[in-house]
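# Examination of the molecular architecture
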Amino acid sequence: MMLGDLGAEVIKVENPKGGDDTRAWGPPYAANKSGDGERGESAYFLCVNRNKKSITVDMKSEGGRKLLHELVAKSDILVENYLPGKLAKMGMGYEQLKEINPRLIYASITGYGQTGPYADRPGYDVIIEAEAGLMHITGEAEGEPVKVGVAITDLTTGLYAHGAILAALIKRGISGRGQWIDCSLIDSQVASLANIASNYLIGGREAKRMGTSHPSIVPYQVLPTQDSFVMVGAGNDGQFKKLCDRIGLPHLVSDPRFKTNADRVQHRQELIAELTRRLKAQSTAYWLDLLTGAGFPFAPINNIQQTFDHPQVKARGLVRTVHHDRAGPIQLVGPPVKYSDFEPSIRLPPPLLGAHTREVLHDVLGYSEETIHHLRQNGAIGPQ
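Residues numbered from 1 in each chain as written. Predicted model: local features only at pLDDT ≥ 70, side-chain atom pairs only at ≥ 80, totals over all residues. Heavy atoms only, no water.

### Here's the deal with a positive patch on the surface
Applied cut-off: The residues that make up patches have over 30% relative accessible area and no salt bridge, and they are joined within 9 Å when like-charged or within 5 Å when they are Val, Leu, Ile, Met, Phe, Trp or Tyr. For the area figures, the Shrake-Rupley method with a 1.4 Å probe applies, and any residue is considered shielded solely by the protein chains shown. Should a side-chain nitrogen of Lys or Arg be within 4 Å of a carboxyl oxygen of Asp or Glu, the pair is scored as a salt bridge. Lys and Arg are tallied as positive, Asp and Glu as negative. Neither His nor the chain termini are counted. To locate a charge, take atom NZ for lysine, CZ for arginine, CG for aspartate or CD for glutamate. A run of H or I in DSSP becomes a helix once it reaches four residues, and a run of E becomes a strand once it reaches two; helices and strands are each numbered from the N terminus. Using a 1.4 Å probe on the protein chains alone, a residue whose accessible area is under 20% of its type maximum counts as buried, one over 50% counts as exposed, and one in between counts as partly exposed.
A grouping of K17, K60, K86 and K89 is seen on the molecular surface, where their side chains present a positively charged patch. The residue K86 is located in helix α4 (residues 86-89) in this model. Given the relative accessible area of 46%, K86 is considered partly exposed.

### Here's the deal with the environment of N378
Selection criterion: Here a polar contact is taken to be a pair of N or O atoms separated by no more than 3.5 Å, where protein atoms must pair a possible hydrogen donor with a possible acceptor and residues adjacent in sequence count only if both atoms sit in side chains.
Here N378 lies in the segment after α18 (369-377). Using a relative accessible area of 53% as the deciding quantity, one classes N378 as exposed. For the pair N378 and S61, spaced 317 residues apart in the sequence, the C-alpha separation amounts to 8.8 Å. Only 2.8 Å separates the side chain of N378 from the side chain of H374, close enough to count as a polar contact.

### Let's talk about the packing of aromatic side chains
Where we set the bar: Between the rings of Phe, Tyr and Trp (Trp by its six-membered ring), a pair exists once the centres lie within 6.5 Å; its type follows the angle of the planes, with under 30 degrees stacked, over 60 edge-to-face, and the other angles tilted. For a Lys NZ or an Arg CZ to count as sitting over a ring, it must be within 6 Å of the ring centre and within 35 degrees of the ring normal.
Going through the model one piece at a time under the given rule, you end up with 8 aromatic pairs. Here the aromatic rings of W25 and Y44 are separated by 5.0 Å at their centres, their planes lie at 80°, and the arrangement is edge-to-face. Residue W25 is found in the loop between β1 (11-14) and α2 (43-47), and its partner Y44 is found in helix α2; the two are separated by 19 residues along the sequence. Three or more aromatic residues joined by ring pairs make a cluster, and in this case those are Y94, Y106 and W180. Positioned above the aromatic ring of Y118, the side-chain terminus of R121 is 3.9 Å from the ring centre. A cation sits over an aromatic face here: R264 above F240, 4.3 Å from the ring centre.

### Digging into the environment of V148
Operational definition: Whether two residues are in contact is decided by their heavy atoms: any pair within 4.5 Å suffices.
Along the polypeptide, V148 turns up in the loop between α6 (125-131) and α7 (152-175). Sequence spacing of V148 and E41 is 107 residues, and the spatial spacing of their C-alpha atoms is 25 Å. In contact with V148, other than residues within four places in its own chain, are E129, L134 and T138.

### Some details on helix α14 (residues 284-291)
An α-helical segment advances 3.6 residues per turn. Residues three or four places apart therefore align on the same side. Going by this rule: Regarding the arc, it is the one traced by the directions from the helix axis to the C-beta atoms.
Those residues of α14 that sit buried are T284, W287 and L291. With its buried residues spanning 65° around the axis, α14 presents them on a single face. In α14, the exposed residues that point more than 90 degrees away from the buried face are A285 and D289. Downstream of α14 by a residue or two, G293 has a phi angle that is positive, lying close to 80°.

### Some thoughts on unusual backbone geometry
Most peptide bonds are trans, and most residues other than glycine sit at a negative phi. Residue G26 is joined to P27 through a cis peptide bond whose omega torsion reads 5°. Relative to the helices and strands, P27 is located in the loop between β1 and α2. A positive phi angle, close to 60°, is found at N51, a residue other than glycine. Relative to the elements of secondary structure, N51 occurs in the loop between α2 and β2 (53-56). For N51, a relative accessible area of 1% corresponds to the buried category. The phi torsion at A194 lies on the positive side, around 50°, for a residue other than glycine. If you trace the backbone, A194 turns up in helix α9 (residues 194-203).

### Re the sheet that holds strand β3 (residues 77-80)
Condition: DSSP-based pairing: two strands are paired if at least 2 bridges between them are found. Only the stretch in contact is used when fitting a helix axis, every axis being a line fitted to C-alpha atoms; angles between N-to-C directions are given from 0 to 180 degrees.
The 3 strands lie next to each other as β3-β4-β5, forming an open sheet whose pairing is parallel. Only two strands of the sheet have a single neighbouring strand rather than two, namely β3 and β5 (180-184). Direction aside, neighbouring strands of the sheet carry axes that sit 15° apart on average. Where strand β4 (residues 105-110) and β5 come together, 5 bridges link them in parallel fashion. The residue bridging T110 from the neighbouring strand is S184, located in β5. In the packing of α7 onto the sheet, contacts are made with β3, β4 and β5, and the angle to β5 comes to roughly 165°.

It is worth stressing that arrangement in space is one thing and function is another; only the former is reported here.
Below, the structure is given as structure tokens:
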């Protein structure tokens, strides 16, 4: 989808029998306003499939494989998420396709990668969150391990894959050759452990769940107020002084227990108790007003409605309205990056299943109507 936002023509190859599993991941579903009697598309599918064309192809059929080989010959990039070796059995592995198109960039996204003892295991986001350390460090200190509220390992892996594909395109511009990108959920999740991984590898320190607090910075966490909560981040000694001055606790700055960040980490519980007593004396609204302009980061804990009502979110134009063939006007979160000389756009709504099969076969591959009809009759492509 991100490549599509940047202007790529993206062709999504789906199974004629139901297509992408996420089409059925609901509720909620968008209302069907077309009157065709079909169930509306899932909100889950709609959020990650803009700027794509959908074709339905039976890859197990001879005609389906042939048309996909012809499509590969004309393509720059192929992205797949099958178990290692499965596509090769259908004639769609990298070694087979690079013979058709040596410039092809072939990106494989799997749970565990193409090599190693777990390579043949399937992997979902939440499974890798559990297995690669993230769930162990997420949650309250005395609570059970919990997953992150969104499929963050999937998202992180997608971002790594996106960067890898762009790097491979640059490399191809130099060498003239494509390559195989091996991107996995477990590799991406381990890499995303960041400072937690470094604390273990460098310091031998096992991580633990800490709620919203930070192992190496204090205060840097959610604190309770009279009626809800506020997130405070004092990342250095100067910001800590500004926090204490603004909330009326200037004496804490000279307290030897709290003079440096290292001191504050050592005496975390005492400091958090002092700050909590003070913040609980007033409402969140009071503190948000008082802390504005203080010179350190802070924020309320917003729900989703408050997030989309946020003046900064609105000012940045993050929500776009798109016309969907079945749901009518729908709202989607648009591209999040701004460019000085280019504006990513939503050119196509999330597609109906197989909506572009004829278009791609006719316009890209040059198939005649007779050939398309023959493929449809033989089940090589879907009936759409």
